[in-house]
Number of protein chains: 2
Amino acid sequence: MAVIAVIMAGGSGKRFWPLSRENRAKQSLALFSEKTLLAETIERIMPLTRDILIVSSIKQREHILADARRYDGVRTLFEPVGRNTAPCIALALRAIERHWGGGHQVVVLPADHHIARPDDFRTAIRTALATLDTVDGIGTIGIRPDHPETGYGYINTGDILRPGVFAVKRFEEKPDRARAETFVKSGNYLWNGGIFLFRQATMARELAALTPDIFAGVGAIPDLDAITAAQYGAVRSISIDYAVMEKTAAPVFSVAGDFGWNDIGSWAGYYDLLPKDAAGNAVRGPVHFVESTGNLVVNLTDRPIFLLRKNGQLVIVTGDAMLTADLADHQEVRRVTEYLEKSGLAALL
Amino acid sequence: MAVIAVIMAGGSGKRFWPLSRENRAKQSLALFSEKTLLAETIERIMPLTRDILIVSSIKQREHILADARRYDGVRTLFEPVGRNTAPCIALALRAIERHWGGGHQVVVLPADHHIARPDDFRTAIRTALATLDTVDGIGTIGIRPDHPETGYGYINTGDILRPGVFAVKRFEEKPDRARAETFVKSGNYLWNGGIFLFRQATMARELAALTPDIFAGVGAIPDLDAITAAQYGAVRSISIDYAVMEKTAAPVFSVAGDFGWNDIGSWAGYYDLLPKDAAGNAVRGPVHFVESTGNLVVNLTDRPIFLLRKNGQLVIVTGDAMLTADLADHQEVRRVTEYLEKSGLAALL
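So, how was this worked out
- Residues numbered from 1 in each chain as written.
- Chains lettered and ligands numbered in written order.
- Predicted model: local features only at pLDDT ≥ 70, side-chain atom pairs only at ≥ 80, totals over all residues.
- Heavy atoms only, no water.
- Least-squares fit on C-alpha atoms with pLDDT ≥ 70 in both.
- Pairing = 2+ DSSP bridges.
- Helix = DSSP H or I, 4+ residues; strand = E, 2+ residues; numbered from the N terminus.
- Axes fitted to C-alpha atoms, helices over the stretch in contact; angles between N-to-C directions.
- Contact = heavy atoms within 4.5 Å.
- Domains from an automatic or database assignment.
- Buried area = accessible area lost by both parts, 1.4 Å probe.
- Salt bridge = Lys/Arg side-chain N within 4 Å of Asp/Glu carboxyl O.
- Polar contact = N/O pair within 3.5 Å; in protein donor to acceptor, adjacent residues only side chain to side chain.
- Nonpolar A, V, L, I, M, F, W, Y, C, P; charged D, E, K, R; others polar.
- pLDDT = per-residue confidence, 0-100.
- Parallel < 35°, antiparallel > 145°, perpendicular 65-115°, else oblique.
- Left-handed = near helix turned anticlockwise from the far one by under 90°.
- Buried < 20%, exposed > 50% of the residue type's maximum accessible area, 1.4 Å probe, protein only.

(A) Structural detail: the relation of the copies chain A and chain B. Superposing chain A onto chain B requires a rotation of 180 degrees together with a translation of 0.0 Å along the rotation axis, leaving an RMSD of 0.0 Å. Such a combination of rotation and displacement between the chain copies is what one expects of a two-fold axis. Among all residues of chain A, the one whose C-alpha sits closest to the rotation axis is A:Thr324, at a distance of 4.5 Å.

Spelled out as structure tokens, the structure:
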């Protein structure tokens, strides 16, 4: 029995526009080092397994392959259209069966998160995998919340099954502020980090039982190397959380992790993670601040940018576009991509 | 007797940085059309005279000559260092004497102002020149103020000498807000637009009498085509306003002009003059506004700029630098050029 890592590398590339694009989503950006987030994700899981499958969008094929080809044994699978995580996992199960056969444990990981302490991350994964040896169910990695974030889903934990492992009572959608505060105060909630662990057979059984249409639809695709948009687009789009995690009768457990997790959900999340100067400015590329504080400036060109008396500003300059906004408007960047769609500027998406 | 136009094309190029530079000051920018402000100034005066002398800085020689060479009969003179307007006019008098001989009328004009109605401008100049036929003094063109601007000097007018021509009682430095309001309400004040008219002999006499050191210093320069920094730098730096206009015993008069004058003193002045879209955005180059109002964006590159929810923003992008600031901080752009000087980035000045 082996462990197969499935790295879900989808993403529309909208929240980090103009750095991210439709063909180069967040996981293909080198945000913190010379390596992309996807490469960092691959290297983070490699001490646990070299059997890795990346599932991404056909649009992003070029950038995904650029990373995947640098690592022996890393396989790829490309979706012609996005159908959310339940069909994606069903598809991954077929690909695993074909290449690695049956009887394995699977860990599903997002490709574009930041994890400050990889050792602690792997310890949590190992704990979850060990739990799967005795529990025929689905494991998650929950993140100990340190503030009442309203942008994440929460996991309501119940009985302690073994040290650091909790039975899951239910999954909670993104809460409002008051509920989030209650969750964090109670000590019985973890953030849902989008990491799932299961035996192949368990997830196949659950998908077949809870979403027979998806299981059958994905099962009917004749060639995984040439999936058509018509074939995959006919499959119902739904997340694994909705489709399985919230409905399954199988035991669901969560390992409480504390490994410096951040999903880098927006430019503000990126700003939080970057080192800053004494005035709170975070920078990549040639930038100069004159009486300016708390700015995030990413400049991929060699042309210097000067900020005069600007505070809390977001400035992103790439080879073919430039965005400026208040950093506080980090959730509104999609308004620009919506504008691009409406204005005949889709080439910049 | 001819009319000689002296176009003073100095300027440090700091207020319109990064568009303007030490070697390309405001008058060499094409802010409103395909033509530079200097070219517009030359063409504005040409219906009155083709005898034109441009005085500028040696640093700006290349850009000044690019314009001057396009017009027959336009001569140039370059200062190795800036010594303000009194030495500049003394130098111009020598150059005029050398090339055109004596007995002429001279009109001194800034090179970098915007004038909406050139016909009305020339009418005012003609009125002043006609006045010089009978008055052995110095004329100015005053601008009827339409708001209590604190950034300009004012001319206190007295008796009416002829229709539209007033005796000047005194020159007032840039006033505070309260004084500016009093000035405008009184109806007896004009803005000082930096335009002076005189006979050659009159100004030579006044300079010799009021600033004999300057007159002698400029007179001692051996070769006007090869003025050294040591020769000209030794001359006292002082404005013609201080040196002559405020002290002369000769009659000083002012023609009250109303020709859509604007000295474009800063990015805000430029914004005021540009056409704007319905949301009050003024633009040159490829720029897109998403929920953004009242911005000035100049983009000399072909890379589009996107503003998301920004109001009153200044964004200037050139081939080698980019500036962003609040438009309200238009008077503070020199802080950036000061920063460049301090930070070893003088190449960008």
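Now that the structure has been shown, we can carry on.
(B) Main features of the sheet that holds strand β13 (residues 287-290) of chain B. The 6 strands are arranged β12(A)-β14(A)-β16(A)-β17(A)-β15(B)-β13(B) in an open sheet whose pairing can be described as mixed. With one partner strand each, in any of the chains shown, β12 (282-284) of chain A together with β13 of chain B form the two edges of the open sheet. Between one strand axis and the next, the sheet turns by 10 degrees as a mean value, whatever way the strands run. Bridge count for strand β14 (residues 296-299) of chain A against strand β16 (residues 313-317) of chain A is 4 bridges, and the pairing is parallel. Paired with A:Asn299 across the two strands is A:Val317, which belongs to β16(A). Against the sheet, helix α11 (residues 333-342) of chain A engages β17 (322-326) of chain A together with β13 and β15 (305-308) of chain B, with an angle of about 130 degrees to β15(B).

(C) Structural context of the domain arrangement of chain A. Residues and elements named next belong to chain A. What the domain assignment reports for chain A is domain 1 (3-262) and domain 2 (267-348). A separation of 29 Å is found between the C-alpha centroids of domain 1 and domain 2. Contacts between the two partners involve 13 residues from domain 1, matched on the other side by 20 residues from domain 2. When the two sides are added together, the surface that domain 1 and domain 2 hide from each other amounts to roughly 1,600 Å², 63% of it contributed by carbon and sulfur. Contact with domain 2 buries area across many residues of domain 1, yet Lys14, Trp17 and Leu19 alone supply 38% of it, more than any other trio. For aspartate 320, the salt bridge identified is with arginine 21, shortest N-O distance 2.7 Å. On the surface where domain 1 and domain 2 come into contact, there are 9 residue pairs in polar contact (both at pLDDT 80 or more). Of the residues in the side of domain 1 that touches domain 2, the class split is 7 nonpolar, 3 polar and 3 charged.

(D) Looking closely at the interface of chain A and chain B. On the chain B side, the residues contacting the 35 residues of chain A number 35 residues. Counting the surface lost from both chain A and chain B, the interface buries some 3,000 Å², and carbon and sulfur atoms represent 61% of this. Along the contact surface separating chain A from chain B lie 8 salt bridges. A salt bridge links A:Arg309 to B:Glu332; the nearest nitrogen and oxygen atoms lie 3.9 Å apart. Where chain A packs against chain B, one counts 18 residue pairs in polar contact (both at pLDDT 80 or more). Secondary-structure elements contributing two or more residues to the side of chain A that touches chain B are β13 (287-290), β15 (305-308), β16, β17 and α11 of chain A. Each residue belonging to the side of chain A that touches chain B can be placed in one class, and the counts come to 20 nonpolar, 6 polar and 9 charged. Direction of pairing for β15(A) relative to strand β17 (residues 322-326) of chain B: parallel, over a ladder of 4 bridges. Bridged to A:Phe306 within β17(B) is B:Leu323.

(E) Spatial organisation of the environment of B:Pro18. Residue and element names in this part refer to chain B. Considering the arrangement of structural elements, one finds proline 18 in the loop between β1 (3-9) and α1 (37-45). Remark: the alpha-carbon pair of proline 18 and methionine 322, spanning 304 residues in sequence, is separated by 6.9 Å. If sequence neighbours within four positions are ignored, proline 18 has contacts with Ile316, Thr318, Ala321 and Leu323.

(F) Just the confidence of the model for chain A, in detail. Model confidence for chain A is summarised by a mean pLDDT of 96, while 100% of its residues fall at 70 or above. Our summary of model confidence lists the complex with pTM equal to 0.89 and ipTM equal to 0.88.

(G) Region of the structure containing the packing of helix α3 (residues 85-100) of chain B against helix α7 (residues 212-219) of chain B. Residues and elements named next belong to chain B. Where α3 contacts α7, the axes come no closer than 9 Å and their chain directions differ by 45 degrees. With respect to α7, the element α3 is oriented oblique. Once α3 is placed against α7, the crossing between them reads as right-handed. Every residue of α7 that contacts α3 at Ala86, Pro87, Ala90, Leu91 and Arg94 is listed here: Ile214, Val218 and Gly219.

(H) Up close: unusual backbone geometry. For the peptide bond that leads from A:Trp17 to A:Pro18, omega is 5 degrees, which places it in the cis range. Of note, B:Asn84 is a non-glycine position whose phi angle comes to about 75 degrees, a positive value. Residue position: B:Asn84 is located in the loop between β3 (74-79) and α3.

(I) Molecular detail of the pairing of β16(A). Residues and elements named next belong to chain A. Burial runs high along β16: 5 of the 5 residues are buried. In β16, alternate side chains face the same way, and those of Gln313, Val315 and Val317 on one face and Leu314 and Ile316 on the other are all buried. The hairpin turn running from β16 into β17, its antiparallel successor, is 4 residues long.

(J) Representation of the side chain of B:His104. Residue and element names in this part refer to chain B. One can find histidine 104 in the loop between α3 and β4 (105-110). The class for histidine 104 is buried, based on a relative accessible area of 11%. Polar side-chain contacts of histidine 104 include one of 2.8 Å to the backbone oxygen of tryptophan 100. Not counting residues up to four positions away in its chain, the partners in contact with histidine 104 are Met1, Ala2, Ile4, Phe198, Arg199 and Gln200.

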